[in-house]
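An overview of the molecular structure
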Amino acid sequence: MRLDQIQIGRRCRVTAINFNHAICQRLANFGLLPGQEIEMAQVAPLGDPIAITFEGQKLSLRRREAALVEVEPVAV
Amino acid sequence: MKHIALIGNPNTGKTSLFNCLTGMRQRVGNYPGVTVEKKLGTAYLADGPATMIDLPGAYSLSASSLDERVAVDVLSGHLPGIERPDIVVCVIDATNLKRNLFLAMQIAELGIPMVIALNLWDALEQRGLSIDIVELEKRLGVPIVATVGRKGIGISELRDAISKAATQERCLAPMTWPAEVNEAVNNIHCAADGHTAVPLTDMEVRRLLFDANSAVLDRVQSNHEKVRASISEGRENLRKLGLNPMAAEAVLCYKHLDKLLEGVIKQAGDAPNGPDGTESIDKLMLHRFAGLLIFAAMMYVVFQAVYSWAGPLMDLVDGLKGWVQGIVGGWLEPWPMMSSLMTDGIIEGVGAFAIFLPQILILFFFIALLEDTGYMARAAFLMDKLFGWCGLNGKSFVPMLSGYACAIPGILATRTIEDPKARMVTILVTPLMSCSARLPVYVLLIGAFVEPKYGPWAAGLALFVMHIVGLLVAVPAAYILTKFVIKTKPQPFLLEMPSYRLPRMQDVLFRMWMAGKEFVIRAGTIILAITVIVWALLYFPRPAGLEDEVTKEFYAEHIEPNPASASLLDDPDSELSVELSNTIDAAYINQSFMARIGKAIQPVFAPAGFDWKITVGVVASFPAREVIISTLGVIYSLGGDVDEESPDLMTTLSNATWKEGPRAGTPIFTLPVVFAIMVFFALCQQCGATLAVMAKEIGWKWVAGSFVFQTSIAWLGAVLVYQLGTAILS
Ligand SMILES: Nc1nc2c(ncn2[C@@H]2O[C@H](COP(=O)(O)OP(=O)(O)OP(=O)(O)O)[C@@H](O)[C@H]2O)c(=O)[nH]1
Ligand SMILES: [Mg+2]
């Protein structure tokens, strides 16, 4: 599953990231690395971008970039 | 003097601490990227004064945007004129310890003595958490101070720690890298040795290894092949370790930090206040339907308030103006030219402009509120999609939103945009945002022509619409620029959403004070200067025979058919006397230099319904658009349209009629003309200061292009509005 497919309010864990894109290095600097648990907090009214929370921080990014992040759902 | 740099992630309170330490007042605000330039100040420490440097926030030393670059360059001593700092104060958001330490670990590689300020300590406590400072100090090896930047708590401790750090020279222990990384660093060093102006530091070499397109590569002047080869080889070895080179640094560093921070963050009793509520507020503010509604409602309320709250204050300023005019006019009675310069020129012109001070203050009150609560980043989130299709992104939105206050800080704020091309496009469209200098024009015209007829709610709506016009042009303009001129790829959008905070009254008042000061200074300088020039061009020449000639004609027309009325002229307040003096004034102004210029240019603006007086106002406003107000004030007061019965410019304008031509006798300011003027001002690039700042950021060539573009689109817009408007209304 990809991060952009997670529903609002659901949690998931990062399994893999496509680091061939420069944006992913920046995500990694924020601590978004394989193994990290994240929650899908909001989706913007027009469907894009999305907001995620992890480790007490909140980031927003577009679906395009979120699709580079592979995740697996985490049971609450 | 010692140099002390404040560095840290964006929005961690560096500037707040800087202000506390230096006693200065730099702008703070609750979104990442308020500070985009380095700021210097002096802090008085126990062992004497020291230079403090406030830097833009950075997430990492990879420096993906221009403002981050400044921070990195200062730290490595590459910024001309700024010495490499002797001490760094790493400002860390205590509620986000791990991520903030990631940057600190990178800085550790520089070997500069460090002090850590654990700022936002109050926010940490509010979440019911605590950090074991003693233990953390032991593990990191540098002094750590808990601070609350906005309340000034922990500042004296921070001062002491900085003084001590100067003598103790304690540096943050850098990470221990796997042998493969060290080997790669050595190899790159060998390849680059002697091929750079200044030898590369280990930190810089690590940037070469870890970053996809490091700016450090620009510093290598020759031997590129070898350097590149050594980088690739190093990355290959990382892969063999099972690490993706692009993520290696983050993976290794976060692993290191996880171990380092084990057990340091503690639950402080049971959470007294629980989480800070940001999530619940966002559930509403960013809600699919409610979010957009709230956004639109908020914007509408802002403009409605700007429009309607200022009324009484404006009346006050206006009353003051009339009073001063009366007094000064009395004093200067014996010298008609001086009297005219002072009352019709300076006081009328500057006063007509100064009336709008209340509006500016109210607008900045709201902008400060939006910024300080943390809503600005949410606005960017809500609007990103709307902007995305034209090559802009949510990050362009923040500079553009600042552009609603003033284009200059907006243009500077684009430094947070990583991609140089996207930044260029944003700079080019930011001046289209309706800045506060346009506000007086809208308020004047809407107040004179929309409100009396259609009521206050329509006036608020009109004001709101005028603020969107620029945006409606900016979006397609950006689209064309990105598609055909600058050709940018869609930019990723990555924005941290800060926690909501209660705005501090003093910060809000400070923003209003600064904006007010700026406004008054402009009134006293550029507006004053142009007003005097406009007055002179309208007052001169004064041909000797003109008054007699006009008087003779007036007699022939009014007195000769009815000789009894001649006695009325002895009373200076009689209708006939007033008409005579108005006729004389009008005759003078009609042959003035300005009228000649205006009439020569007027045909250009005729399709937009402008008469020569509006044309003069438009032309005079190119250095600074607010000049239109004072110019119209001067033109109409000199032109004899103003007398004691016309209390203000609004009434004067609504009474103005065409004096000659096919439309003689009908009002000049019809609704289509009014909107044509407003649209012209909304779109036109009439601000010398903005042009200068743009030139500094992107060069004169682009500025010239943008000027021509905006002027033509403004003219086109005005003509369109006037022609369509008249067609519909007739
Ligand atoms: N609650 C709380 N708020 C703080 C503290 N320090 C700063 N703030 C607020 O946090 C926001 C950001 O502060 P700034 O000083 O502008 O942060 P900065 O690090 O200079 O930000 P950039 O220049 O954007 O990188 C402002 O709204 C401050 O009022 C603190 O210790 N506690
Ligand atoms: Mg700052």
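The text that follows walks through the structure, step by step, so that each part is easy to find. Position numbers for residues count from 1 along each chain, tracking the sequence in the order it is written. A letter from A marks each chain and a number from 1 marks each ligand, given out in the order of writing. Given that the model is predicted, a residue must reach a pLDDT of at least 70 before its local features are reported, and side-chain atom pairs must reach 80 or more before they are shown or counted; all residues, however, enter totals for whole chains, interfaces and linings. Computation of side-chain values covers all heavy atoms of the structure but excludes hydrogens and water.

1. Remarks on helix α30 (residues 688-698) of chain B
Buried residues of α30(B): B:Thr690, B:Leu691, B:Val693, B:Met694, B:Ala695, B:Glu697 and B:Ile698, and no others. Summarising the contacts, the buried residues of α30(B) are in contact with α18 (407-413), α19 (420-429) and α31 (700-729) of chain B. Accessibility here uses a 1.4 Å probe with only protein chains present; expressed as a share of the type maximum, an area under 20% marks a residue as buried, one over 50% as exposed, and anything in between as partly exposed. Secondary structure counts use DSSP, requiring at least four H or I residues in a row for a helix and at least two E residues in a row for a strand, with both numbered from the N terminus. Residue contacts follow a heavy-atom distance rule, with two residues in contact if any of their heavy atoms lie within 4.5 Å.

2. What about the sheet that holds strand β4 (residues 57-61) of chain A?
In short, DSSP must find at least two bridges between two strands for them to pair. The antiparallel open sheet is built from six strands, whose spatial order is β5(A)-β1(A)-β2(A)-β3(A)-β4(A)-β9(B). Looking along the sheet, the strands with just one partner apiece sit at the ends: β5 (69-73) of chain A together with β9 (494-496) of chain B. Adjacent strand axes in the sheet meet at a mean angle of 40° when their direction is disregarded. With three bridges connecting them, strand β1 (residues 11-17) of chain A and strand β2 (residues 37-43) of chain A associate as antiparallel partners. Looking across to β2(A), one finds that A:Arg11 is bridged to A:Glu39. Lines fitted to C-alpha atoms define the axes here, with helix axes fitted over just the stretch in contact, and angles between the N-to-C directions of these axes take values from 0 to 180 degrees.

3. Examining the packing of helix α13 (residues 311-331) of chain B against helix α14 (residues 336-354) of chain B
Residues and elements named next belong to chain B. It is the contact of α13 with α14, at a shortest axis distance of 10 Å, that shows an interaxial angle of 170°. In terms of axis orientation, α13 runs roughly antiparallel to α14. Contact residues: Val317, Lys321, Val324, Gln325, Val328 and Gly329 in α13; Ser339, Met342, Thr343, Ile347, Glu348, Gly351, Ala352 and Ala354 in α14. Residue composition of the contact of α13 with α14, by class: seven nonpolar, five polar and two charged. Note on terminology: angles under 35 degrees are roughly parallel, angles over 145 are roughly antiparallel, angles of 65 to 115 are roughly perpendicular, and the others are oblique. Nonpolar residues are Ala, Val, Leu, Ile, Met, Phe, Trp, Tyr, Cys and Pro. Charged residues are Asp, Glu, Lys and Arg, and all others, Gly as well, are polar.

4. Looking at the side chain of B:Asp507
All names here are of chain B. You can see Asp507 is positioned in helix α22 (residues 505-539). Since its relative accessible area comes to 9%, Asp507 is described here as buried. Once residues lying within four places of it in the same chain are set aside, the contact partners of Asp507 are Arg25, Val28 and Asp372.

5. Concerning unusual backbone geometry
Each neighbour pair has its own omega, and for A:Asp48 with A:Pro49 the value is -5°, a cis peptide bond. Among the structural elements, A:Pro49 can be located in the loop between β2 and β3 (50-54). In this chain, B:Phe540 is followed by B:Pro541 through a cis amide linkage whose omega measures -5°. Unlike most non-glycine residues, A:Glu55 shows phi in positive territory, near 50°. With respect to the secondary-structure elements, A:Glu55 resides in the loop between β3 and β4. For A:Glu55, a relative accessible area of 41% puts it in the partly exposed group.

6. Digging into the sheet that holds strand β3 (residues 48-54) of chain B
Residue and element names in this part refer to chain B. Taken in spatial order, the six strands line up as β2-β3-β1-β4-β5-β7 in an open sheet, and their pairing is mixed. Only two strands of the sheet have a single neighbouring strand rather than two, namely β2 (39-45) and β7 (144-146). The average angle at which neighbouring strand axes cross in this sheet is 25°, direction not considered. Bridging between strand β4 (residues 87-93) and strand β5 (residues 114-119) involves six bridges; their strand directions are parallel. What sits directly across from Val91, in β5, is Ala117. The sheet strands contacting helix α1 (residues 14-22) are β1 (2-8), β2, β3, β4 and β5, and the helix crosses β2 at an angle near 50°.

7. Some details on the site of ligand 1
Residue and element names in this part refer to chain B. In the vicinity of ligand 1 there are 23 residues, among which Lys14, Thr15, Ser16, Val34 and Arg501 approach most closely. Tyr31 places a polar main-chain atom, nitrogen or oxygen, 3.4 Å from an oxygen atom of ligand 1. In this structure, a nitrogen atom belonging to ligand 1 sits 3.1 Å away from a side-chain N or O atom of Asn119. Protein chains shield 98% of the accessible area of ligand 1, which is 660 Å² for the free molecule. Examining the composition of the shell around ligand 1, we find that three residues originate from one element, α1, more than from any other. Taken together, the residues of the shell around ligand 1 sort by class into seven nonpolar, twelve polar and four charged. Whether a residue is near a molecule or strand is decided by its heavy atoms; if any one of them lies within 4 Å of it, the residue is near. Within 3.5 Å is the distance limit for a polar contact, defined as a pair of N or O atoms, with the added protein rule that one can donate a hydrogen and the other accept it, and that residues adjacent in sequence qualify only through two side-chain atoms. Per-residue accessibility takes into account occlusion by the displayed protein chains alone, with areas from the Shrake-Rupley method and a 1.4 Å probe.

8. Quick word on a negative patch on the surface
Residue and element names in this part refer to chain B. Patches were defined on residues exceeding 30% relative accessible area and lacking a salt bridge, with like-charge contacts within 9 Å and nonpolar side-chain contacts (Val, Leu, Ile, Met, Phe, Trp, Tyr) within 5 Å. The term salt bridge refers to a side-chain nitrogen of Lys or Arg lying within 4 Å of a carboxyl oxygen of Asp or Glu. Here the positive residues are Lys and Arg and the negative ones are Asp and Glu; neither His nor the chain ends is included. The location of each charge is read from NZ of Lys, CZ of Arg, CG of Asp or CD of Glu. Together, Glu547, Asp548, Glu549, Glu553, Glu557, Glu575 and Glu579 make up a region of like negative charge exposed at the surface. Residue assignment for the negative patch shows that the elements contributing at least two residues are α23 (546-559) and α24 (575-590). The greatest single-element share of the negative patch, amounting to five residues, is contributed by α23.

9. Regarding the coordination of the magnesium ion (ligand 2)
All names here are of chain B. The donor set covers N, O and S atoms within 2.8 Å of the metal, switching to 3.2 Å for Na, K and Ca, and it leaves out water, so a site may look short of donors. Around the magnesium ion (ligand 2), the donor atoms from the protein are Thr15 (OG1) and Thr35 (OG1), and they sit 1.9 to 2.0 Å away. Of the two residues, Thr15 sits in helix α1 while Thr35 sits in the loop between α1 and β2, which places them 20 residues apart along the sequence. When its relative accessible area of 8% is taken as the criterion, Thr15 is described as buried.

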